[in-house]
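Here are the chains, one letter per residue:
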Amino acid sequence: MSGLALQNVVKEFGAFKAVNDVDLTVPHGTFVCMLGPSGCGKTTLLRMIAGLDLPTSGAIRLDGEDITHVPTHKRNLGMVFQSLALFPHLTVGENIAYPLRIRGAPKEDQKKRVEDLLSMIHLTGYADRPVSKLSGGQRQRVAIARALAISPKLFLLDEPLSALDAKLREAMQVELRQLQQKLGITTIVVTHDQREAMTMADTVVVMSGGEIRQAASPIEIYRRPADSFVADFIGQTNLIEAESDTLNHVTVLGQPVPGLQLPPGAAKATISIRPEDVHLTAPGGGALTGTVTFVRDLGGTIETFVEVAGRQIVAVSTPRARPEVTVGQEVGVALTPDVCVVLRK
Amino acid sequence: MRREPPQTFGDYSPLLFPAAMLTIFFVVPFGTMIAVSFFQRQQGGFYTPAFVFDNYARFLSAFFGGVLGFSLMMAIAVAICCVVLALPFTYLLTRMARRVQIVWLVALLSILSLSEVIIGFAWSTLFSRTAGITNILVALGLMGEAKALTPSFAAVLTGMVYQAFPYTVLVLFPALVRLDPTLTEAARTLGASPLRAFFTVVVPALRNTIVATLIMVFIFALGSYLLPQLLGRPQHWTLSVLITDQAIYQSNMPFAAAMAVFLVLVTLGLVALTVIAGRKGEAA
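## Structural notes on the pattern of salt bridges
Going through the model one piece at a time under the given rule, you end up with 11 salt bridges over all chains. Taking the shortest distance from any N to any O, the salt bridge between Glu185 of chain B and Arg47 of chain A comes out at 2.7 Å. Residue Glu185 of chain B is found in helix H9 (residues 181-189), and its partner Arg47 of chain A is found in helix H1 (residues 42-50); the two belong to separate chains. We note that Glu185 of chain B, like Arg47 of chain A, is buried. Note that Asp227 of chain A is salt-bridged to Arg213 of chain A, the shortest N-O span being 3.2 Å.

## Topic: the sheet that holds strand S6 (residues 77-80) of chain A
Residue and element names in this part refer to chain A. Spatially, S6-S7-S8-S3-S9-S10 is the arrangement adopted by the 6 strands of the open sheet, whose pairing is mixed. The sheet is open, and its two borders are formed by S6 and strand S10 (211-216), each paired with just one other strand. If you compare each strand with its neighbour and ignore which way they point, the axes differ by 15° on average. Across 5 bridges, strand S3 (residues 31-35) lies against strand S8 (residues 186-191) in parallel orientation. Bridged to Cys33 within S8 is Val189. Helix H5 (residues 166-183) rests against S3, strand S7 (154-158) and S8 of the sheet, and its axis sits at about 140° to S3.

## Comments concerning the environment of Gly10 of chain B
Structurally, Gly10 of chain B can be placed in helix H1 (residues 9-12). Taking the C-alpha atoms as reference points, Gly10 of chain B and Thr32 of chain B, separated by 22 residues in sequence, lie 31 Å from one another.

## Quick look at H1 of chain A
For an α-helix, the turn length of 3.6 residues means that residues three or four places apart are oriented alike. Residues and elements named next belong to chain A. In terms of burial, H1 is a largely internal element, 8 of the 9 residues being buried. All of the buried residues in H1 are Lys42, Thr44, Leu45, Leu46, Arg47, Met48, Ile49 and Ala50. Of the residues trailing H1, Gly51 is marked for its positive phi of about 90°.

## Digging into the interface of chain A and chain B
At the interface, 21 residues of chain A touch 19 residues of chain B. Together, the buried faces of chain A and chain B total about 1700 Å²; carbon and sulfur atoms form 63% of this surface. In terms of surface lost to chain B, no three residues of chain A exceed His73, His89 and Ile102 of chain A, which account for 32% of the buried area on that side. On the surface where chain A and chain B come into contact, there are 1 salt bridge. At the boundary of chain A and chain B, one finds 7 residue pairs in polar contact (both at pLDDT 80 or more). Of the residues belonging to the side of chain A that touches chain B, the class tally is 12 nonpolar, 5 polar and 4 charged.

## Some thoughts on the pairing of strand S17 (residues 302-308) of chain A
Residues and elements named next belong to chain A. Burial analysis of S17 places 6 of its 7 residues in the buried class, the great majority of the element. Strand direction decides the pairing type here: strand S16 (residues 288-297) and S17, joined by 6 bridges, are antiparallel. From the neighbouring strand, Arg296 faces S17, where its bridge partner is Glu303. Between the end of S16 and the start of S17, which pair antiparallel, lie 4 residues, with Gly299 showing a positive phi angle near 90°. Pairing geometry for S17 and strand S18 (residues 311-317), over 7 bridges, is antiparallel.

## Brief notes about helix H2 (residues 16-36) of chain B
Here H2 of chain B is 21 residues long and its end C-alpha atoms lie 28 Å apart, about the 30 Å a rise of 1.5 Å per residue gives. The sharpest bend along H2 of chain B comes to roughly 40°, located at Thr23 of chain B.

## A few points about the environment of Arg223 of chain A
Inspection of the secondary structure assignment puts Arg223 of chain A in helix H7 (residues 218-223). Residues Arg223 of chain A and Val341 of chain A lie 118 residues apart in sequence; the distance between their C-alpha atoms is 7.8 Å.

## Describing the nonpolar core
Residues and elements named next belong to chain A. Membership of the largest hydrophobic core comes to 60 residues, with the highest contact counts inside it found for Leu45, Phe87, Tyr98 and Leu156. Not counting residues up to four positions away in its chain, the partners in contact with Leu156 are Leu46, Ile49, Ala50, Leu77, Gly78, Met79, Val80 and Ile188. Core analysis: the next-biggest nonpolar cluster, separate from the first, contains 45 residues, Phe31, Leu84, Leu100 and Val230 among them.

## A short note on unusual backbone geometry
Residues and elements named next belong to chain A. Phi is positive for Ala85, which is not a glycine, with a value near 55°. Take Ala85: it is sitting in the loop between S6 and helix H2 (92-102). Positive phi, close to 45°, is recorded for Glu159, a residue that is not glycine. Among the secondary structure elements, Glu159 is positioned in the loop between S7 and H5.

Conventions used here
The written sequence of each chain sets the order in which its residues are numbered from 1. Chain A is the first chain written and ligand 1 is the first ligand written, with later ones labelled in order. Under the rules for a predicted model, residues below a pLDDT of 70 receive no local features and side-chain atom pairs below 80 are neither given nor counted, while totals for whole chains, interfaces and linings still include all residues. Side-chain figures throughout are based on the complete set of non-hydrogen atoms in the structure, without hydrogens or water. Basic side-chain nitrogens of Lys or Arg form a salt bridge, by our definition, when they fall within 4 Å of a carboxyl oxygen of Asp or Glu. Strands are runs of DSSP state E lasting at least two residues, helices are runs of H or I lasting at least four, and both sets are numbered from the N terminus onward. Any residue under 20% of the maximum accessible area for its type is buried, any over 50% is exposed, and the rest in between are partly exposed; the area is computed with a 1.4 Å probe on protein chains only. In short, DSSP must find at least two bridges between two strands for them to pair. An axis is simply a line fitted to the C-alpha atoms; with a helix, the fit covers only the stretch in contact. Between two such axes, the angle follows the N-to-C directions and lies from 0 to 180 degrees. We call two residues contacting when some pair of their heavy atoms lies within 4.5 Å. Throughout, buried area stands for the accessible area (probe radius 1.4 Å) lost by two parts on being put together, summed over both. Think of a polar contact as two N or O atoms within 3.5 Å of one another; within protein, one of them needs to be a possible hydrogen donor and the other a possible acceptor, and neighboring residues in sequence only count if both atoms come from side chains. Residue polarity is assigned by list, with Asp, Glu, Lys and Arg as charged and Ala, Val, Leu, Ile, Met, Phe, Trp, Tyr, Cys and Pro as nonpolar; anything else, Gly included, falls into the polar class. A helix is expected to reach a length of 1.5 Å times the quantity of its residues less one. One fitted axis covers the seven residues ending at a residue, a second covers the seven starting there, and the bend at that residue is the angle between these axes. Only buried Ala, Val, Leu, Ile, Met, Phe, Trp, Tyr and Cys residues count toward a nonpolar core, and they belong to the same one when joined by side-chain atoms within 4.5 Å.

See below:
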């Protein structure tokens, strides 16, 4: 099978299980983002793929070949570190040529390849500069070019954009994604920034406590989160208890929602409703009734906090799509079955 | 933040104490020594103030020139041996657990508490025929019969490297601790074996530290005068031994002073050359 496969990978540090029985298949040419809060095991997983850490048990396969115990330097990969780890004693060109020099490529080929890579990252003519003279974004690109110099089988990035300011980060996300699509290289990025993951990835892998909670396309993760952790971690959401009676009539906060189905046999479940799916209406008319407690007007969007039966619900809408409401006013909250995502326990 | 340069006399006052100490304990004695190096020696007595070059002229003989050359060569050999041994050692040490590091550093610091005399006699026992390490090799069947390893050049070198090694580690340690460990990891992901990563990344990234350490150990080794006498033959005696001999046993203070001044000048010259060479290398 072409691509990367992790099979029952476990990593223990003493009694602590950093990565717990992870199974993951990354087809060739896919862009995968591992997303999770700090300490969720995503960096440890990346380091095991790179060979910098050895799994306690389990296997890592690349293109069908077991590479679990292949030393890092024989894996032919490219990795960008959070600190970038550019060599301070080498120039931009020497940094990029390092993997070629180590492999004994002829001087002429090295020079040619460095020029190609520099033009790819829009830094033509920078070969002889010391890395200390570059800006943050330029260093970022040099680190990427160095990792791609040998056209590696796997491109790994550990929080690559975290050192950049917000604007530059957003621009680099787009650039990185376009570069990956152009080269068609299997890429794995570790990040804690869900916006970054949504922008770049074909597949987002949400991790927590050393386990994969969900691995799916960004839109699938957003629309159909598997559990309350994923729903809450990816974007903003309202997590509400739903109850079902023996006739399978589902009520949410005491209000019947016709057409909503809970899993067979379940009397209770948590549902997730995205704030942009919560529609405010006039009170009554089959909807939940609540009181507006706070309005956050951000100009482009307006967040309205509504208290319904003791629970806070957030609704987000554009200014034009929302009725004028003020704090203390009674409003109706319309819930339709298609916006309620029933979560796995 | 921009700092104003010191303006008034008061701003410089924190420097007064170190300046006074440096003047009283370094500038004055060294000035005296320079002066004495031009004085006339009194046969059988002490010296009288004069301004003669006899002492320097006597020094510029083949014999003393040879001793000077040997001293410099010995100090360079000690410096290179120390750095070659201490660099990988310290690198591995900084990658160990904190507790292991502390045990090693305490052990190294305790070597510093040993005087040159104790180190000298300990090694002369270890290198002796009757009680030395060759007896262990004989017991293991690796050698036919025990033999004395001292006096010899290798014995002097071993003793001096042993004495300077803890200093070398202590000077290299902070720089290696500060070195970003992801640099070597990056080198490994880019295709370098751990050994190549060490030589292509760690060593060049620490070039300035390594040069500074070489100079420090070199100067430290130049001053050693007991170990060459305890572990070496007369031809292994360094200039420091001869200076001590002239100053204390021959009572020829002017000649000893002249040799000392010459040694300082040559040392400064070599250090300056190293620094200039280092700058050139950086520019290239």
